[in-house]
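# Coordinate analysis (summary)
The chain contents come next:
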Amino acid sequence: MFKVPDHQVAGHRASNGVIGPLIDDSGNFYKPLQNDERGSKEVAFYKNFALNSEIPDQIRKFFPIYHGTQLIEASDGSGLHPHLVLEDIVSSRPNPSIADIKIGSRTWYLEASEDYISKCLKKDRETTSLPLGFRISGLQIYGSKESGVWKPDKKYLKNFTADDVRLVLRKFVSSNSLEDSGKEPDCSFASTVYGGSTGILAQLLELKAWFEEQTIYHFYSSSVLIVYEKESILKGMSSGATVKLVDFAHVIEGNGVIDHNFLGGLCSLIKFISEILTYVPNNTYKAFPKKP
Ligand SMILES: O=P(O)(O)O[C@@H]1[C@@H](OP(=O)(O)O)[C@H](OP(=O)(O)O)[C@H](O)[C@H](OP(=O)(O)O)[C@H]1OP(=O)(O)O
Ligand SMILES: Nc1ncnc2c1ncn2[C@@H]1O[C@H](COP(=O)(O)OP(=O)(O)O)[C@@H](O)[C@H]1O
């Protein structure tokens with residue numbers, strides 16, 4: 001039984017006359033192949049990635065598992081349509097908090113069409129992509145059973161400044177602030193979600209180490225998805241904090257060159273997260289411990 005996912009935060013969504021992703025009860029996420037070359041490029045990426053023996057095993061966990069493609073009824077009822085069948089990253093979490101963070105100050109690449117380049121350039125300039133090397137493309141923050149979920153729309157996120165990004169990454173791991181409540185986020189889940197040996201920061205650093213070496217792919221317009229489950233923490237269980245990469249419709253060959261665009265954006269995101277972990281409420285930051 002297919003249904004439209006409740007927890008999609010960015011990208012093309014199923015709506016009247018628009019094809020969007022579907023999920024099933026078995027933990028699969030079905031992303032409709034776009035009719036132009038984007039669909040075939042994303043399939044080509046997943047196939048190449050699956051077979052590429054140069055990808056270290058510990059890096060594979062950062063990518064959704066790929067189960068091939070399948071013809072299924074499209075979400076808009078227009079008939080059978082090919083879909084990528086992927087692991088559903090959020091299905092095991094009933095109340096996930098999710099951030100879709102598009103990495104890179106440049107979402108376009110020279111091989112793309114002139115129209116595509118100018119469209120991307122405009123978005124990169126108008127968002128935090130250019131100054132920060134990343135932008136928040138989608139967001140959902142779970143508050144509590146009573147307050148529910150805050151899921152700001154695309155337009156709201158596009159207007160973010162660097163300060164808004166800093167604040168929202170703090171709200172993401174707080175117990176007291178949804179929307180524009182005016183409250184100082186308490187960051188009470190920061191050490192559990194962002195910190196620790198298996199937290200978001202540790203995972204981002206592991207990914208960064210690979211990007212410092214890998215020259216196989218250049219990832220344009222791909223996102224880092226950050227997911228965790230607040231209710232689990234409250235029950236004393238693991239936060240389930242997870243980092244995954246998604247959206248590979250604009251991945252090109254690396255040809256032996258480091259993906260500086262992605263690496264730069266990743267380093268910038270790491271800096272923002274690190275600063276939250278060392279933040280002390282009265283607008284100061286704890287000094288980093290001195291090296292022995
Ligand atoms: O048209 P828009 O403005 O919704 O752009 C889509 C982007 O939304 P954005 O405005 O950047 O948040 C959208 O970005 P997100 O996935 O929402 O971060 C994609 O970049 C999408 O392009 P593609 O499927 O990756 O080729 C983009 O779709 P296309 O317009 O390229 O089909
Ligand atoms: N494997 C997945 N599991 C769960 N959710 C996913 C998965 N892949 C993507 N998503 C959700 O769909 C959104 C859009 O995905 P993306 O691949 O960027 O689509 P698009 O090409 O339409 O931009 C993401 O922000 C996320 O919320």
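The rules behind each value
- Residues numbered from 1 in each chain as written.
- Chains lettered and ligands numbered in written order.
- Predicted model: local features only at pLDDT ≥ 70, side-chain atom pairs only at ≥ 80, totals over all residues.
- Heavy atoms only, no water.
- UniProt positions renumbered as here; feature names shortened; annotations may be inferred.
- Pairing = 2+ DSSP bridges.
- Helix = DSSP H or I, 4+ residues; strand = E, 2+ residues; numbered from the N terminus.
- Axes fitted to C-alpha atoms, helices over the stretch in contact; angles between N-to-C directions.
- Core = buried A, V, L, I, M, F, W, Y, C linked by side-chain atoms within 4.5 Å.
- Buried < 20%, exposed > 50% of the residue type's maximum accessible area, 1.4 Å probe, protein only.
- Contact = heavy atoms within 4.5 Å.
- Lys, Arg positive; Asp, Glu negative; His and termini not counted.
- Salt bridge = Lys/Arg side-chain N within 4 Å of Asp/Glu carboxyl O.
- Polar contact = N/O pair within 3.5 Å; in protein donor to acceptor, adjacent residues only side chain to side chain.
- Phe/Tyr/Trp six-rings, centres within 6.5 Å; stacked < 30°, edge-to-face > 60°.
- Lys NZ or Arg CZ within 6 Å of the ring centre and 35° of its normal.
- Domains from an automatic or database assignment.
- Buried area = accessible area lost by both parts, 1.4 Å probe.
- Nonpolar A, V, L, I, M, F, W, Y, C, P; charged D, E, K, R; others polar.

- The name given to the chain in an unreviewed UniProt entry is Inositol polyphosphate multikinase, with Ziziphus jujuba as the source organism.
- Under Function (unreviewed entry), UniProt gives the following word-for-word description of the chain: "Inositol phosphate kinase with a broad substrate specificity."
- Quoted verbatim from the Sequence similarities (unreviewed entry) heading of the UniProt record, the comment on the chain is "Belongs to the inositol phosphokinase (IPK) family."

### Here's the deal with the sheet that holds strand S10 (residues 242-246)
- Taken together, the 5 strands give an open sheet; going across it, the order is S7-S6-S5-S9-S10, and neighbouring strands pair in antiparallel fashion. The outermost strands of the open sheet, each flanked by one partner alone, are strand S7 (148-150) and S10. Strand-to-strand, the axes of this sheet are offset by a mean angle of 15°, without reference to chain direction.
- Here 3 bridges tie strand S6 (residues 134-144) to S7, and the two strands are oriented antiparallel to one another.

### Some words on the nonpolar core
- Counting 62 residues, the largest nonpolar core has Phe63, Tyr194, Phe219 and Val224 as the members making the most contacts within it.
- Residues contacting Tyr194, with those up to four places away along its chain left out, are Leu169, Phe172, Val173, Phe189, Gly199, Ile200, Leu201, Ala202, Ile273, Ile276 and Leu277.
- In terms of nonpolar packing, the next biggest core, distinct from the first, is built from 8 residues, Tyr109, Tyr116, Cys120 and Ile252 among them.

### Digging into the side chain of Lys102
- With respect to the element layout, Lys102 can be found in strand S5 (residues 96-103).
- No salt bridge is formed by the buried Lys102. Its closest oppositely charged neighbour is Asp247, at 4.7 Å.
- A polar side-chain atom of Lys102 sits 3.0 Å from a polar atom in the side chain of Ser221.

### Focus: the packing of aromatic side chains
- Applying the stated criterion to the full structure yields 26 aromatic pairs.
- Measuring from ring centre to ring centre gives 5.4 Å for Phe172 and Tyr228, while their planes differ by 80°; the resulting arrangement is edge-to-face. Of the two residues, Phe172 is situated in the loop between helix H6 (162-171) and helix H7 (190-193) and Tyr228 in strand S9 (residues 223-229); the sequence distance between them amounts to 56 residues.
- The class of Phe172 is buried, set by a relative accessible area of 1%.
- Taking relative accessible area as the criterion, Tyr228 reaches 0% and is therefore assigned buried.
- Measuring from ring centre to ring centre gives 5.8 Å for Phe219 and Phe262, while their planes differ by 55°; the resulting arrangement is tilted. Residue Phe219 is found in strand S8 (residues 217-219), and its partner Phe262 is found in helix H10 (residues 260-277); the two are separated by 43 residues along the sequence.
- Connected via pairs of aromatic rings, a cluster forms that spans Phe45, Tyr46, Phe49, Phe63, Tyr66, Trp210, Phe211, Tyr217, Phe219, Phe248 and Phe262.
- A cation sits over an aromatic face here: Arg60 above Phe49, 5.0 Å from the ring centre.

### What about the domain arrangement of the chain?
- In terms of domains, the chain is made up of domain 1 (22-87) and domain 2 (96-281).
- With 20 residues of domain 1 in contact, the opposing surface of domain 2 contributes 18 residues.
- Both sides of the domain 1 and domain 2 interface together cover about 1,700 Å² of buried area, and 63% of this is carbon and sulfur.
- Of all residues in domain 1, Lys41, Phe45 and Phe62 give up the largest surface area on contact with domain 2, accounting jointly for 37% of the area buried on that side.
- Joining domain 1 to domain 2, the criterion identifies 3 salt bridges.
- Connecting domain 1 to domain 2 are 6 residue pairs in polar contact (both at pLDDT 80 or more).
- Per element, the largest residue contribution to the side of domain 1 that touches domain 2 is 7 residues, and it comes from helix H1 (residues 37-51).
- Residue classes in the side of domain 1 that touches domain 2 are distributed as 9 nonpolar, 4 polar and 7 charged.

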